[in-house]
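# Observations on the model geometry
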Amino acid sequence: MLFRPFPAYIMVIIFAFAENPALAQSAAERSPLMQFADANGRPGGVKSPDDWQIKCGQIRDGLQQVMGPLPDRENLPPLDMQIRETVDEGTFVRHLITLTAAENEFVPAYLYLPKQKGETKKLPAMLALHGTGEYGKRIVDGDSPLANRAYARELAMRGYVVIAPDYPSFGELTDYDFKSDRYESGTMKGIFNHMRCVDLLQERDDVDPSRIGVIGHSLGGHNAMFVAAFDTRLQVIVSSCGWTELEYYDIGPAAVKTYGGRLGPFAQDRYMPLFRDRFQLDGDRIPFNFHEIIALFAPRSFFSSSPVHDANFDVAGVRKGIDLARAAYRLQDADERLQVVYPEAEHDFPPEVRLEAYRFIDKTLRHQPTCDDCLVR
């Protein structure tokens, strides 16, 4: 069923503009984000794109201290995509597929292919990552009790090729065994799987390999950020309810008791157990923060939907993180590519915000949608 929402809604859209570039540069140089150690270990301020590339490598090193190393992507086996089911959805076809991530590692996913007439055109494509829930990839198809999550199907309706994999421990991967795999975290396993999904998109004749992005809500929201931190092929990143600065992450007293600490939820096997095993859930010792991940995206396009009443991810930490990450976008004259909206909502991805995100994606990936305001209700 299609839903055309009433256009009026309440949100604040923040674009990054500096009233005084000289003052902004001075502030950027004073920011820890814009400090780095050069190849000789000498500290200094980031003042050039070359300096920034060194800093980016140091940020990724910090991520891998918590997530474990990204496995070698050389000499991988063929993707060997297998179609297990096909459903004709009218304007697009949805395949249920399995692809090979690595030897004895398989990823189940939905693959949405818009129907084309005549000669096959190269279309933009999106990686759609689901939130927490036993339904896995079915969530982003609209086949779950969760409303406002069918962004994989909605992007297919707009004319995108879309791939939506299961995250380990959900969907068809419910019984995934984190203890016996080769990864130090479920997060890094997810990153590797998701990069292989991008490999598959890039190999397709109907996909423009230069126009690929990623979108996700909640778990999918920070997984979108995590994969984009390592995969620069992703030109646009959309995160709904996916993050706040770590010092603002507060789950409440009862949950703290359940998980053993304020950052305990991050330490589950399916996420990053090194939060606990290496860093003892001490936020001051964790060698990354979310504003650094956002800074890695610059000058790529980033859209964050961060509701003001999200109990999971404190909006105050989002505001702080955006302000800090903005220095990296200023460095590369990409202020307009950093966008955040603050809808009057709880932990949700409301219809009007999804449309705003889709139009941001359309602009970035230079796409004229086949259906601009069609949503799944």
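Residues numbered from 1 in each chain as written. Predicted model: local features only at pLDDT ≥ 70, side-chain atom pairs only at ≥ 80, totals over all residues. Heavy atoms only, no water.

Before going further, it helps to examine the packing of helix H2 (residues 49-67) against helix H8 (residues 290-297). Interhelical geometry of H2 versus H8 gives an angle of 135° and a closest axis separation of 10 Å. One way to sum up the angle between H2 and H8 is to call them oblique. In this structure, the crossing between H2 and H8 has a hand that is left-handed. Two secondary-structure elements touch here, H2 through Trp 52, Cys 56, Ile 59, Arg 60 and Leu 63 and H8 through Glu 292, Ile 293, Ala 295 and Leu 296. Tallied by class, the residues present in the contact of H2 with H8 amount to 7 nonpolar, no polar and 2 charged. (Axes fitted to C-alpha atoms, helices over the stretch in contact; angles between N-to-C directions. Helix = DSSP H or I, 4+ residues; strand = E, 2+ residues; numbered from the N terminus. Parallel < 35°, antiparallel > 145°, perpendicular 65-115°, else oblique. Left-handed = near helix turned anticlockwise from the far one by under 90°. Contact = heavy atoms within 4.5 Å. Nonpolar A, V, L, I, M, F, W, Y, C, P; charged D, E, K, R; others polar.)

With that settled, the discussion passes to empty space enclosed by the protein. With the rule as written, the count across this model stands at 2 cavities of 30 Å³ or more. Of the volumes computed, that of the second largest cavity is approximately 30 Å³. Broken down by class, the residue content of the lining of the second largest cavity amounts to 3 nonpolar, 3 polar and 1 charged. (1 Å grid on protein atoms, 1.4 Å probe; cavity = no way out; pocket = protein on both sides within 12 Å on 5 of 7 lines; lining within 4 Å. Points joined across faces, edges and corners; volume = space filled by probe spheres on them.)

Taken as a whole and judged by the stated rule, the model has 29 salt bridges. One salt bridge in this structure joins Arg 94 and Asp 141, with 2.9 Å as the shortest N-O distance. One end of the pair, Arg 94, is in strand E6 (residues 92-102); the other, Asp 141, is in the loop between strand E8 (123-129) and helix H3 (151-157), and 47 residues separate them in sequence. For Asp 141, a relative accessible area of 6% gives the class buried. Residue Glu 184 pairs with Arg 278 through a salt bridge whose shortest N-O separation is 3.7 Å. Of this pair, Glu 184 sits in the loop between strand E9 (161-165) and helix H4 (186-203) while Arg 278 sits in the loop between helix H7 (274-277) and H8, and the two are 94 residues apart along the sequence. In this structure Glu 184 comes out as partly exposed when scored by relative accessible area, which is 37%. According to the relative accessible area criterion, Arg 278 is partly exposed, its value standing at 37%. Several salt bridges share partner residues, and in doing so they unite Arg 73, Arg 196, Asp 199, Asp 231 and Arg 233 into one network. (Salt bridge = Lys/Arg side-chain N within 4 Å of Asp/Glu carboxyl O. Buried < 20%, exposed > 50% of the residue type's maximum accessible area, 1.4 Å probe, protein only.)

Let us now look at the layout of surface pockets. There is about 460 Å³ of room inside the largest pocket. Along the walls of the largest pocket sit 26 residues, with Thr 132, Ser 218, His 222, Tyr 271 and Asn 312 positioned nearest its centre. For the lining of the largest pocket, the elements supplying multiple residues, two or more each, are helix H5 (219-230) and helix H6 (253-259). When residues in the lining of the largest pocket are grouped by element, the largest group, 4 residues, is from H5. Class assignment for the residues of the lining of the largest pocket results in 14 nonpolar, 10 polar and 2 charged.

Here we take up the environment of Arg 285. Looking at the element boundaries, Arg 285 is found in the loop between H7 and H8. It is 9.2 Å that separates the C-alpha atoms of Arg 285 and Phe 275, two residues lying 10 residues apart in sequence. Ignoring sequence-local partners within four residues, the contact set of Arg 285 consists of Arg 278, Phe 279 and Gln 280. Only 3.3 Å separates the side chain of Arg 285 from the backbone oxygen of Arg 278, close enough to count as a polar contact. (Polar contact = N/O pair within 3.5 Å; in protein donor to acceptor, adjacent residues only side chain to side chain.)

With 5 of 5 residues buried, E9 is to be regarded as a mostly interior element. A two-sided burial pattern is seen for E9, the buried positions comprising Val 161, Ile 163 and Pro 165 on one face and Val 162 and Ala 164 on the other. Bridging between strand E7 (residues 105-114) and E9 involves 4 bridges; their strand directions are antiparallel. Looking across to E9, one finds that Leu 111 is bridged to Ile 163. With 3 bridges joining them, E8 and E9 adopt parallel strand pairing. Looking at E9, one finds that Leu 127 is bridged to Ile 163. Handedness of the crossover joining E8 and E9 through H3: right-handed. (Pairing = 2+ DSSP bridges. Right-handed = clockwise from strand over helix to strand, strands pointing away.)

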